[in-house]
Amino acid sequence: MPNMHEIPYKKRLNSEKNCDNIERYMNRFMNEALKEAQSAYELGEVPIGAVIEKDGQIIARGHNMTETWKDPTAHAEMIALREASRVLGGWRLPGCNMYVTIEPCSMCAGAMVWSRIENLYIGAMDEKAGACGSVFNIACNDRLNHRIHIETGIMEEECKNIMKQFFRQLRNRKNNKSEE
């Protein structure tokens, strides 16, 4: 057994410096999810992006493709879950964390529970269709076989702003067409 003086000093988890490190860590992955959301935006898709991380490495990415693929299940989260399952070689994803720009819907939340995602980091909540705390909370339902730890508000303004910009541009296009 090592002597107490041989064990390196560890900073307390709640120290300010360590919290900054955690925030930078989460922001790093949310930035990648925002890049995915930007890809969706450029395609004319609702700009939602997701990444799945395991052991500090991104193993899967996704952005909405419902219009492009004409597929109601082609949500950012579902695409990322499929890719992570392919990469890891199975449908269970223990030890995986998902970062998503907007709160997942009931379909995506159910798929995350089923796949055993460990942690879910959400940029902004969806008060109209969210299923991880806003309208429903499928991800934490006691009656299901797995519950996901959820953190919200990671880069919230950035995640809200890309959605606002997208829908503002969509309204402007519709208004311009009606004036012609």
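One structure accompanies this document, and this report is about it. Just so you know, these numbers come straight off a predicted model, no measurement behind them. (Residues numbered from 1 in each chain as written. Predicted model: local features only at pLDDT ≥ 70, side-chain atom pairs only at ≥ 80, totals over all residues. Heavy atoms only, no water.)

Digging into the packing of aromatic side chains
Inspection of every chain in the model, using the stated rule, returns six aromatic pairs. Taken together, a centroid distance of 5.2 Å and an interplanar angle of 35° make the contact between F29 and Y99 tilted. Placement of the pair is F29 in helix α1 (residues 16-42) and Y99 in strand β3 (residues 96-102), with a sequence separation of 70 residues. Since its relative accessible area comes to 1%, Y99 is described here as buried. Seen in terms of ring centroids, F166 and F167 are 5.1 Å apart; in terms of plane orientation they differ by 85°. Their pairing is edge-to-face. We classify F166 as buried; its relative accessible area is 8%. Ring pairs connect the aromatic residues Y25, F29, Y99 and Y121, which therefore count as one cluster. Looking at R116, its charged tip hangs above the ring of W114, at a distance of 5.8 Å from the centre. (Phe/Tyr/Trp six-rings, centres within 6.5 Å; stacked < 30°, edge-to-face > 60°. Helix = DSSP H or I, 4+ residues; strand = E, 2+ residues; numbered from the N terminus. Buried < 20%, exposed > 50% of the residue type's maximum accessible area, 1.4 Å probe, protein only. Lys NZ or Arg CZ within 6 Å of the ring centre and 35° of its normal.)

Some words on the pairing of strand β1 (residues 49-54)
The buried fraction of β1 amounts to five of the six residues, a majority that puts the element mostly inside the structure. Count of turn residues in the β1/strand β2 (residues 57-63) antiparallel hairpin: two residues, of which D55 carries a positive phi of about 55°. For β1 and β3, the ladder comprises five bridges, and the chain directions are antiparallel. Looking across to β3, one finds that E53 is bridged to N97. (Pairing = 2+ DSSP bridges.)

Structural notes on the nonpolar core
Within the largest apolar cluster, 45 residues are counted, with the highest numbers of intra-cluster contacts made by I52, L81, M98, M112, I117 and L120. Looking at this core, the elements that each hand over two or more residues are α1, β1, β2, α3 (76-88), β3, α4 (106-115), β4 (119-124) and α5 (156-179). In terms of residues, this core owes the most to one element, α1, which gives seven residues. Every residue in contact with L120, bar those within four places of it in the chain, is listed here: M98, V100, P104, M112, C132, I148, H149, I150 and E151. (Core = buried A, V, L, I, M, F, W, Y, C linked by side-chain atoms within 4.5 Å. Contact = heavy atoms within 4.5 Å.)

Geometry only, nothing functional implied.
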